[in-house]
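# Remarks on the overall topology
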There are 4 protein chains.
Amino acid sequence: MDKDDYVRRLRRIEGQVRGLERMVEEDTYCIDVLTQVSAVTKALQSVAIGLLDQHVRHCVANAEGDSGDEMVTEAVKAVERLLRS
Amino acid sequence: MDKDDYVRRLRRIEGQVRGLERMVEEDTYCIDVLTQVSAVTKALQSVAIGLLDQHVRHCVANAEGDSGDEMVTEAVKAVERLLRS
Amino acid sequence: MDKDDYVRRLRRIEGQVRGLERMVEEDTYCIDVLTQVSAVTKALQSVAIGLLDQHVRHCVANAEGDSGDEMVTEAVKAVERLLRS
Amino acid sequence: MDKDDYVRRLRRIEGQVRGLERMVEEDTYCIDVLTQVSAVTKALQSVAIGLLDQHVRHCVANAEGDSGDEMVTEAVKAVERLLRS
């Protein structure tokens, strides 16, 4: 996964959010809107997982000493925020 | 919360997703991107909770007999999908 | 699902948590412990979904007027807490 | 956090699950049971975050070459399972 892939996936997610606006505007049945919100959330989380993977692989794993320790703390806190969101 | 409020909130979320694209394009530090993904997810879930509230209040609560039963099943399944996403 | 089923499922979850204690005590590989934590969380959420279903079906749907409104608010807040946990 | 701390926290969670069984047996108001399920889930996730932190800090960060790469993949997959549960 390179940068362009992530931008493409985010652009698709942007389109899905625009689709949600349209659904609400057109009074789409609420449950169908909720199903689509779940799909967008899943797509976003999946981008997050990909970014996290790259970050741990390229940044955290190569950091050394105290700086490495801080990066682990920081990455784990980011995971915690994802879990709580 | 009326329809316009939801559309406004979704439009803001759309803008946040566009912000994410820019962040990735500009090589923003990964952890900052992840923090923003958590914020967008939270905003989306909060729209979902609002829609669910209205749906249960206005549709499920007023449905009767078998149709009411099916609407409960449907709404609970929607909650399950949100939880799993 | 009746009361006994829920108690049985919770007893099984209790056993799974005891299994987690043993895994930590015996220095089981961390990723295997995490996989088991995910399984326990899923089992708990699934009990929650079942309880929510029954509650909406039997209590919220039958409540009337203001009391019904308050019960919807209460149930949706419970869903929000589940989503945030 | 050492091993004993985790075992202690898991033992407390085990007690909370036993509390849930009692609540269901005694027909506690459903919303109160759900609130307690959220609390137990949060406690479990918090143990998972702690274990993940230690794992990345002590195992992933010290692994080298291919083995390090595999450990990152494995850890990120564990995060994904936690997110989906």
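### A closer look at the interface of chain C and chain B
- Contacts between the two partners involve 18 residues from chain C, matched on the other side by 18 residues from chain B.
- Summing both sides of the interface, chain C and chain B together bury roughly 1800 Å²; the carbon and sulfur share of this comes to 72%.
- Interface area lost by chain C to chain B is led by Ile49, Arg57 and Leu83 of chain C, which between them contribute 32%.
- Asp69 of chain B is paired through a salt bridge with Arg57 of chain C; the nearest N and O atoms lie 3.3 Å apart.
- Counting across the chain C and chain B interface gives four residue pairs in polar contact (both at pLDDT 80 or more).
- For the side of chain C that touches chain B, the secondary-structure elements that each account for two or more residues are α2 (30–60) and α3 (65–84) of chain C.
- Looking at which element gives the most residues to the side of chain C that touches chain B, the answer is α3 of chain C, with nine residues.
- Within the side of chain C that touches chain B, the residues separate by chemical class into nine nonpolar, three polar and six charged.

### Observations concerning the interface of chain A and chain B
- With 39 residues of chain A at the interface, the matching set in chain B holds 39 residues.
- Carbon and sulfur atoms make up 71% of the surface buried where chain A meets chain B, a total of about 3800 Å² over both sides.
- If you look at where chain A meets chain B, you find eight salt bridges.
- Measuring nitrogen to oxygen at the nearest pair gives 3.2 Å for the salt bridge that ties Asp27 of chain A to Lys3 of chain B.
- Connecting chain A to chain B are 12 residue pairs in polar contact (both at pLDDT 80 or more).
- Among the elements of the structure, α1 (3–25), α2 (30–60) and α3 (65–84) of chain A are those that each provide at least two residues to the side of chain A that touches chain B.
- Counting residues per element, the side of chain A that touches chain B draws most heavily on α2 of chain A, which supplies 16 residues.

### Observations regarding the relation of the copies chain C and chain B
- Of the transformation superimposing chain C on chain B, the axial component is 0.0 Å and the angular component is 180°, with the fit at an RMSD of 0.0 Å. Taken together, the rotation angle and the small translation identify this as a two-fold axis.
- The fraction of interface residues of chain C whose copies in chain B are also interface residues reaches 100%, indicating that both copies meet through the same surface.

### Focus: the relation of the copies chain A and chain B
- Its rotation angle being 180°, the transformation that places chain A on chain B also includes 0.0 Å of axial translation and leaves an RMSD of 0.0 Å.
- A shared binding surface is used by both copies, with 100% of the interface residues of chain A retained as interface residues in chain B.

### Some remarks on the packing of α3 of chain A against helix α2 (residues 30–60) of chain D
- Remark: α3 of chain A packs on α2 of chain D, axes separated minimally by 10 Å, with the N-to-C direction vectors making an angle of 155°. Taken together, the axes of α3 of chain A and α2 of chain D lie roughly antiparallel to each other. Seen along the crossing, α3 of chain A lies across α2 of chain D with a hand that is right-handed. Contacts between α3 of chain A and α2 of chain D involve Asp69, Val72, Thr73, Val76, Val79, Glu80, Leu83 and Arg84 of chain A from the former and Lys42, Gln45, Ser46, Ile49, Leu52, Asp53, Val56 and Arg57 of chain D from the latter.
- Across the contact of α3 of chain A with α2 of chain D, the residue classes tally to seven nonpolar, three polar and six charged.

### Things to note about helix α3 (residues 65–84) of chain D
- Between its first and last C-alpha atoms α3 of chain D spans 29 Å; for 20 residues at 1.5 Å apiece the expected length is 28 Å, and the two agree.
- Every buried residue of α3 of chain D is accounted for by Gly68, Met71, Val72, Ala75, Val76, Ala78, Val79, Leu82, Leu83 and Arg84 of chain D.
- If you follow the buried residues of α3 of chain D, they end up packed against α2 and α3 of chain A, α3 (65–84) of chain B, α2 of chain C together with α2 of chain D.

### Brief notes about the pattern of salt bridges
- Applying the stated rule across the entire model yields 32 salt bridges over all chains.
- When the shortest N-O distance is used, the salt bridge between Glu14 of chain D and Arg18 of chain D registers 2.9 Å. With a gap of four residues between them, Glu14 of chain D and Arg18 of chain D both fall in helix α1 (residues 3–25), about one helical turn apart.
- For Arg18 of chain D, a relative accessible area of 35% translates into the label partly exposed.
- Several salt bridges share partner residues, and in doing so they unite Glu14 and Arg18 of chain A together with Glu14 and Arg18 of chain B into one network.

About the criteria used
Residues numbered from 1 in each chain as written. Chains lettered and ligands numbered in written order. Predicted model: local features only at pLDDT ≥ 70, side-chain atom pairs only at ≥ 80, totals over all residues. Heavy atoms only, no water. Contact = heavy atoms within 4.5 Å. Buried area = accessible area lost by both parts, 1.4 Å probe. Salt bridge = Lys/Arg side-chain N within 4 Å of Asp/Glu carboxyl O. Polar contact = N/O pair within 3.5 Å; in protein donor to acceptor, adjacent residues only side chain to side chain. Helix = DSSP H or I, 4+ residues; strand = E, 2+ residues; numbered from the N terminus. Nonpolar A, V, L, I, M, F, W, Y, C, P; charged D, E, K, R; others polar. Least-squares fit on C-alpha atoms with pLDDT ≥ 70 in both. Axes fitted to C-alpha atoms, helices over the stretch in contact; angles between N-to-C directions. Parallel < 35°, antiparallel > 145°, perpendicular 65-115°, else oblique. Left-handed = near helix turned anticlockwise from the far one by under 90°. Expected span 1.5 Å × (residues − 1). Buried < 20%, exposed > 50% of the residue type's maximum accessible area, 1.4 Å probe, protein only.

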